[in-house]
Amino acid sequence: MINLEERSQVAFGKPLAQIGDAQVCRLLQDLVREHCQTLPIMEGKRRLYYVSAEFLIGRLLINDLINLGLYDEVREQLAQAGHDLAAVDDQEVEPSLGNGGLGRLAACFMDSVATLGLPGDGVGLNYHYGLFHQRFVDNQQTALPDEWLGEQDCLEDEGKSFEVQFGDFSVVSHLYSIDVPGYHNGKRNRLRLFDLEGVDDSLVPDDSIDFDKTKVAKNLTLFLYPDDSDEDGRLLRVYQQYFMVSNAAQLIVSEAVERGSNLHDLPDYAVVQINDTHPTMIIPELIRILTQEHGIDFEEAVGIVRHMVAYTNHTILAEALEKWPLEYLAKVAPKIAKIIELLDQMQREEHDDPAVAIIKDGTVHMAHLAIHYGFSVNGVAALHTKILEETELHPFYELYPEKFSNKTNGITFRRWLMGCNPDLTSLVDKTIGTDWHRTADLTPLMAHVDDDEVLDGLVEAKGKAKARMREFLLTHQGVTVPEDAIIDVQVKRIHEYKRQQMLALYLIWKYLDIKNGNKPARPITVVFGGKAAPAYTIAQDIIHLILTLSSWIANDPDVAPYLQVIMIENYNVSAAERVIPAADISEQISLASKEASGTSNMKFMLNGAVTLCTLDGANVEIADLVGEDNIYTFGTSSREVERLYAEGAYDPQAYYHKPGIKLLVDFITNPAFMATGNEERLRRLHDDMAHKDWFMALLDLEEYIQVKERVYADYEDRGAWVRKALVNVAQAGTFSSDRTIAQYNEDIWHLVPQK
Ligand code: NTF
């Protein structure tokens, strides 16, 4: 039994009804913390260590209340005292420990690992200022430090420290952790975050993310992905990575020994999943510890590590596949560089093929190291894994077919339905009962696709979610969204391959069409959200185009009543939780073959949005599940895209000069429009699209415009549309991260679940 009334009296000497949202938030955080601390930590001889540079965990309060089984009771007691849980939740500062899909995936996975009763922890770094806080000034992105640590942060001090030896100095770490309670199972795991002892926050100014990158012994855990456009920045990333994995490896070895390992049997005690290539140096680091600190001979150490490390690939984009100059590694961690050279030699003795070499021309290919010296490689959606096997990693697939497998991504329904969409959750409960809370099976909803009561319920739930989003956008950005607007959303990191610029070109088309007198049946609100890496100029230009278009349209009285463009400032998990439940249309328009999986596509579907997509990543699997009547697909196939690249056969000029396209691209540099924005940015983007267009936005543009018009028209057949939406919800169960994690465990980790 919890008694918030009494807690309020004890903490603040006031009745619950008389304290503010911030105080209520404090009460609930204390409540959650106390409950978590009473839960035993999951036990098991063999444990998972999920090592990741990012954990985009989002606010914890609601998710923890749900998992601890306190949610309904708390909501009720708060309501009786006149408090709204969502408003209280808004008081929590969102931790800033991740960036995009890869980091959010890691967070969903931790929730599912705990929920399935598997003993396993996340291991990463405690960034004081995260990636950055995005602010828009003059319709451009500026990056500020994201200060999330403070009085009410969620970190527990584990009281553990390790020494990490770099080339010419050493540092000491300090371990903090965040509880990860399983859903209704009375146990917890932890997210374990290493910080740097003596880290110096004063290196960071208030109003920028520039800092002295050379003061490594003081800056290591200040930022996630510090700018790597210069050598100091690249070296700093290597320092961070080695700091992360050295700590992780020392933790793994010391805990295995505590549990009884003699280290020759280490794989019976620990399995390490490395999330993308950032943690790859854990392979040589474990070998170093086993050989140099525990006297195990080199070959045996290599064999031990080979049985305990598994690698997940999250991208085929060349620039995201990490390669470090060997000399960087030699400077940061000379012992590790030496071991990598030995591993490279060993590998060459087995396979005489430069395509699979670890070191090429003095450069270390981190993915190659992970594949040769790990026991498992997986892609994150069926198409992505197929591309890895057949193309990108084909020579490795020939060598080690048994190491490869697919693990299609997933999302936790605790956060992405129960937590963020209470009205849809109650509708589903009322319609099919609550078994899905455990099984994620929503297919019983299929029996209701012609049930008017359920369809009306879905319209009502969507309406309430839209109201919450409108309130969020009004308070956070001062924009008013029309009540009856179609909500059309593209939220994700800004990147050319995701093709936000293609949606921007559509908006120009739509703007001109409305100017020509073709008024849409109802207002359309297009919502963007996402950050661009500070060193990625074209992505900044795309943000500028979107923001400039947004103002341009808002200032045109002929068009503003029918078309609205909003770009959410500082898009993060909390904003996603407001926007995704409200969406009617989910934009997943990457150039086919380039989006490894996508995970927002799954969140939108689960919340009853209809997907408008290319056949890329997990969209392919969504399309198979819902059937062609319940999704809109378009665009050049991934096979054809691969051919165009291979043959250098795509010529953007050929598309640019089509009259219908030229008009749209040239709008960007039309003098009147340009006068409202930044000429340099708009010209650069225009020229890039017309002459380079590396991710082929112009290739698919005409078809995209046609399909979007069809989507908006179909939306007006309200009965048919809502039916589509319900089919999407009903088929989303496959994308529960509980399913994904069960597969990782079955095929890769082999942990024994706790009952
Ligand atoms: C991302 N990769 C992919 O771009 C997404 O398609 C995928 O859904 C997520 O990973 C999760 O698997 C990255 O963020 C990175 F860093 F690998 F580029």
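Residues numbered from 1 in each chain as written. Predicted model: local features only at pLDDT ≥ 70, side-chain atom pairs only at ≥ 80, totals over all residues. Heavy atoms only, no water.

The chain is annotated in an unreviewed UniProt entry as Alpha-1,4 glucan phosphorylase from Olsenella porci. What UniProt states about the chain under its Subcellular location (unreviewed entry) heading is, verbatim, "Cytoplasm". Heading Cofactor (unreviewed entry) of the UniProt record for the chain holds this comment: "pyridoxal 5'-phosphate". (UniProt positions renumbered as here; feature names shortened; annotations may be inferred.)

Undergrad: Tell me about the pairing of strand 9 (residues 270-275), residues and numbers included.
TA: Most of strand 9 sits inside the fold, with six of its six residues counted as buried. Along strand 9, one buried face is formed by Ala-270, Val-272 and Ile-274 and the opposite face, lined by Val-271, Gln-273 and Asn-275, is buried too. Here strand 1 (residues 47-51) runs beside strand 9; their pairing, made up of five bridges, is parallel. Bridged to Val-51 within strand 9 is Ile-274. Here strand 9 pairs with strand 10 (residues 309-312) via four bridges, running parallel. For Val-272, the partnering residue across the bridge sits in strand 10 and is Val-309. (Buried < 20%, exposed > 50% of the residue type's maximum accessible area, 1.4 Å probe, protein only. Helix = DSSP H or I, 4+ residues; strand = E, 2+ residues; numbered from the N terminus. Pairing = 2+ DSSP bridges.)

Undergrad: Residues and numbers for the sheet that holds strand 18 (residues 563-568), please.
TA: Across the sheet, which stays open at both edges, the six strands sit in the order 18-17-16-19-20-21 with parallel pairing between neighbours. One side of each edge strand has no neighbouring strand; the edge strands of this open sheet are strand 18 and strand 21 (632-633). The pairing of strand 17 (residues 524-529) with strand 18 spans six bridges and is parallel. When the bridges of strand 18 are listed, Phe-528 appears paired with Met-567. Those strands touched by helix 19 (residues 452-477) are strand 16 (486-491) and strand 18, and its axis lies near 70° from that of strand 18. Its contacts with the sheet place helix 31 (residues 718-730) against strand 19 (585-588), strand 20 (610-613) and strand 21, and it is angled at close to 85° to strand 20. (Contact = heavy atoms within 4.5 Å. Axes fitted to C-alpha atoms, helices over the stretch in contact; angles between N-to-C directions.)

Undergrad: For the pairing of strand 14 (residues 376-379), give the residues involved together with the corresponding values.
TA: Residues Ser-376 and Asn-378 line one face of strand 14 and the alternating positions Val-377 and Gly-379 line the opposite face, and both faces are buried. By the bridge criterion, three bridges tie strand 10 to strand 14 in an arrangement that is parallel. In the strand pairing of strand 14, Thr-312 is matched with Asn-378. Bridge analysis of strand 14 against strand 15 (residues 404-406) gives three bridges, and the strand direction is parallel. Following the sheet pairing, Gly-379 is matched in strand 15 by Asn-406.

Undergrad: Could you give an account of the site of the ligand, with specific residues and numbers?
TA: Lining the immediate surroundings of the ligand are 14 residues, of which His-314, Asn-409, Glu-595, Ser-597 and Gly-598 lie closest. A distance of 2.6 Å separates an oxygen atom of the ligand from a polar side-chain atom of Glu-595. Measuring from an oxygen atom of the ligand, one finds a backbone N or O atom of Gly-598 at 2.8 Å. A per-class count over the shell around the ligand returns five nonpolar, seven polar and two charged. When residues of the shell around the ligand are assigned to domains, at least three fall in each of domain 2 (39-58 + 94-407) and domain 3 (484-729). (Near = heavy atom within 4 Å. Polar contact = N/O pair within 3.5 Å; in protein donor to acceptor, adjacent residues only side chain to side chain. Nonpolar A, V, L, I, M, F, W, Y, C, P; charged D, E, K, R; others polar. Domains from an automatic or database assignment.)

Undergrad: So what's going on with the pattern of salt bridges? Which residues, and what values?
TA: Considering all chains together, one arrives at 47 salt bridges under this definition. Of the charged contacts, one joins Arg-681 and Asp-541 as a salt bridge, the two residues approaching to 2.6 Å between their closest N and O atoms. Placement of Arg-681 in helix 29 (residues 679-691) and of Asp-541 in helix 21 (residues 537-554) is noted, with a sequence separation of 140 residues between them. The class for Asp-541 is buried, based on a relative accessible area of 0%. Arg-684 is the partner of Asp-541 in a salt bridge, and the nearest nitrogen-oxygen pair spans 2.7 Å. Highlighted residues: Asp-541 in helix 21 and Arg-684 in helix 29, separated in sequence by 143 residues. Salt bridges sharing partners connect three or more residues here, namely Arg-47, Asp-121, Glu-158, Lys-160, Arg-190, Arg-192 and Glu-255. (Salt bridge = Lys/Arg side-chain N within 4 Å of Asp/Glu carboxyl O.)

Undergrad: Describe the UniProt feature "modified residue: N6-(pyridoxal phosphate)lysine" (unreviewed entry) in the chain, listing the residues and the values that go with them.
TA: Those residues carrying the UniProt feature "modified residue: N6-(pyridoxal phosphate)lysine" (unreviewed entry) are Lys-603 in this numbering. Along the chain, the position of Lys-603 falls in helix 23 (residues 600-606). For Lys-603, a relative accessible area of 6% translates into the label buried. Not counting residues up to four positions away in its chain, the partners in contact with Lys-603 are Arg-104, Ile-411, Trp-416 and Ile-580.

Undergrad: Residue-level account of the layout of surface pockets, with values.
TA: Looking at the second largest pocket, its volume works out to about 540 Å³. Around the second largest pocket, the lining is made up of 26 residues, and of these Leu-85, Ala-86, Ala-87, Arg-468 and Arg-578 lie nearest the centre. Elements that contribute at least two residues to the lining of the second largest pocket include exactly helix 3 (61-68), helix 4 (71-80), helix 5 (85-89), helix 16 (413-419), helix 17 (422-432), helix 19 and helix 22 (573-579). The biggest single contributor to the lining of the second largest pocket is helix 19, with five residues. Split by residue class, the lining of the second largest pocket holds nine nonpolar, five polar and 12 charged. (1 Å grid on protein atoms, 1.4 Å probe; cavity = no way out; pocket = protein on both sides within 12 Å on 5 of 7 lines; lining within 4 Å. Points joined across faces, edges and corners; volume = space filled by probe spheres on them.)

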